[in-house]
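This is what each chain is made of:
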Amino acid sequence: MTDDRKPVGGAADRQRTCAMCGAEFRPGERTELEAFSDGEVRYVAVHPGHTTHSPTRERAAARRLKGIPGQAA
Ligand SMILES: [Zn+2]
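Everything quoted here is computed from the prediction, not taken from an experiment.

Colleague: Looking at this structure, how should I read the side chain of Glu-34?
Modeller: When you line up the elements, Glu-34 lands in strand β1 (residues 32-37). Exposure remark for Glu-34: the relative accessible area of 6% places this residue in the buried category. A polar side-chain atom of Glu-34 sits 3.1 Å from a polar atom in the side chain of Thr-51.

Colleague: Would you mind showing me how to read the nonpolar core here?
Modeller: Buried together is how nonpolar side chains tend to be arranged in soluble globular proteins. With 11 residues, the main nonpolar core is built from Ala-11, Cys-18, Ala-19, Phe-25, Leu-33, Phe-36, Val-44, Ala-45, Val-46, Ala-61 and Ala-62. Elements represented by at least two residues in this core include exactly β1, β2 (41-46) and α2 (55-65). For this core, the element with the most residues is β2, which contributes three residues. Contacts of Ala-45, omitting those with residues within four sequence positions, involve Ala-11, Ala-12, Gln-15, Thr-17, Cys-18, Ala-19, Phe-25, Glu-32 and Leu-33.

The rules we used
- Residues numbered from 1 in each chain as written.
- Predicted model: local features only at pLDDT ≥ 70, side-chain atom pairs only at ≥ 80, totals over all residues.
- Heavy atoms only, no water.
- Helix = DSSP H or I, 4+ residues; strand = E, 2+ residues; numbered from the N terminus.
- Buried < 20%, exposed > 50% of the residue type's maximum accessible area, 1.4 Å probe, protein only.
- Polar contact = N/O pair within 3.5 Å; in protein donor to acceptor, adjacent residues only side chain to side chain.
- Core = buried A, V, L, I, M, F, W, Y, C linked by side-chain atoms within 4.5 Å.
- Contact = heavy atoms within 4.5 Å.

Structure representation (structure tokens):
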């Protein structure tokens, strides 16, 4: 993704873990930012190649953002 207009705002720093697999980001690790809609548009950080772009994973990501242990499929 090469859309630089997004309000990146340090999503990886806030989030600290990958929205898809839940593993912590290492310092300096490259991350990708994805947008998904959960009633409102949210931005989540993920490892390169990881994606939340499926309904199941979007729900899992939303749970992780709320700090609830996921039950990822
Ligand atoms: Zn990941």
